[in-house]
Amino acid sequence: MAVRRKLIREMVEALLAKHRISHGAVPVEKIVESYGIKLSLDEVDDELSGFLVREPGKNKRSVIGANKAHHPHRQRFTIAHELGHFLLHKGEMVHLDQGRGALAINLRNEQSSRGEDQDEREANLFAAELLMPAIFLAKDLEGVSLDILGDSGVLDRLAKKYKVSTQALTFRLANLGYIQL
Ligand SMILES: [Zn+2]
């Protein structure tokens with residue numbers, strides 16, 4: 001099964017509209033908290049970027065955690081990534097994102113056609129769509145000639161505005177066809 005690009009784009013568009021967000025930086029913490037999810041910055045092993053613990057009980061709160069030692073822009077991407085898992089991969093009870101890959105403890109039935117790599121790609125795409133919406137970028141890049149985009153000063157300024165890493169922005173712009181890597 002392919003990554004559900006259209007579904008993810010539509011989910012993010014609905015979220016941005018619901019929260020009346022029309023430009024970067026997208027307040028990802030506020031969106032997470034609107035689901036009643038508890039946010040937690042933890043001192044954890046450097047290998048661990050983030051985690052999601054789903055608590056299905058009525059009075060229990062699910063938790064999204066990010067590594068306290070990581071750069072705030074990286075934490076934002078991690079938080080958005082975990083929100084992607086929360087919304088897209090409902091069978092999972094606990095999800096850990098580590099440098100070497102993700103570990104998921106889930107209740108999914110064995111016939112699930114989704115693989116773990118696909119879940120990670122979907123969560124990354126969700127995070128990129130949420131933190132760097134294509135229509136917001138299009139507005140910011142209007143009139144910017146594409147050959148000066150390679151100038152790191154432009155990318156750095158735009159990354160600061162969206163509160164994402166320059167690397168995440170570069171990948172996003174490449175995926176959207178603005179630049180070639
Ligand atoms: Zn993940």
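Residues numbered from 1 in each chain as written. Predicted model: local features only at pLDDT ≥ 70, side-chain atom pairs only at ≥ 80, totals over all residues. Heavy atoms only, no water.

**A closer look at the nonpolar core**
1) Next: In terms of nonpolar packing, the biggest core is built from 41 residues, with L83, F126, L130, M132, L137, L169 and L173 touching the most fellow members.
2) Next: Going through the elements one at a time, α1 (5-18), α2 (28-34), β3 (63-67), α3 (72-88), α4 (116-131), α5 (134-140), α6 (152-162) and α7 (166-175) are the ones with two or more residues in this core.
3) Next: When neighbours within four sequence positions are excluded, F126 is seen to be in contact with I8, M11, V12, L15, A80, L83, G84, L87 and L88. (Core = buried A, V, L, I, M, F, W, Y, C linked by side-chain atoms within 4.5 Å. Buried < 20%, exposed > 50% of the residue type's maximum accessible area, 1.4 Å probe, protein only. Helix = DSSP H or I, 4+ residues; strand = E, 2+ residues; numbered from the N terminus. Contact = heavy atoms within 4.5 Å.)

**So, the environment of R9**
1) Next: Mapped onto the elements, R9 comes out in helix α1.
2) Next: Counting along the chain gives 117 residues from R9 to F126, while the straight-line C-alpha distance between them is 7.6 Å.
3) Next: What R9 contacts, discounting residues up to four positions off in sequence, is E129, A134, R172 and L176.
4) Next: At 2.7 Å, the side chain of R9 and the side chain of E129 are in polar contact. (Polar contact = N/O pair within 3.5 Å; in protein donor to acceptor, adjacent residues only side chain to side chain.)

**A few points about the pairing of strand β2 (residues 48-53)**
1) Next: Counting buried positions over the 6 residues of β2 gives 5, a clear majority of the element.
2) Next: Note that β2 and strand β4 (residues 92-98) share 5 bridges and pair antiparallel. Paired with V53 across the two strands is V94, which belongs to β4.
3) Next: Across 4 bridges, β2 lies against β3 in antiparallel orientation. Considered in β3, the bridge of V53 is made with V63. (Pairing = 2+ DSSP bridges.)

**Some details on the coordination of the zinc ion**
Working reference: metal with six octahedral donors, ideal angles 90 or 180 degrees; metal with four tetrahedral donors, ideal angle 109.5 degrees.
1) Next: For the zinc ion, every protein donor is listed as H81 (NE2), H85 (NE2), H95 (NE2), D97 (OD), D97 (OD) and E120 (OE), and the spread of their distances is 2.1 to 2.5 Å.
2) Next: Every donor counted, the 6 donor atoms about the zinc ion form angles of 55 to 158° at the centre, which fits irregular coordination.
3) Next: If you list the donors of the zinc ion from N- to C-terminus, the spacing comes out as H-x3-H-x9-H-x1-D-x22-E. You can see H85 sitting in helix α3 and its partner H95 sitting in strand β4, a full 10 residues away along the chain.
4) Next: Overall, H85 belongs to the buried group, its relative accessible area being 0%. (Donors = N, O, S within 2.8 Å, 3.2 Å for Na, K, Ca; no water. Tetrahedral: all angles 85-135°; square planar, octahedral: opposite > 155°, others 65-115°.)

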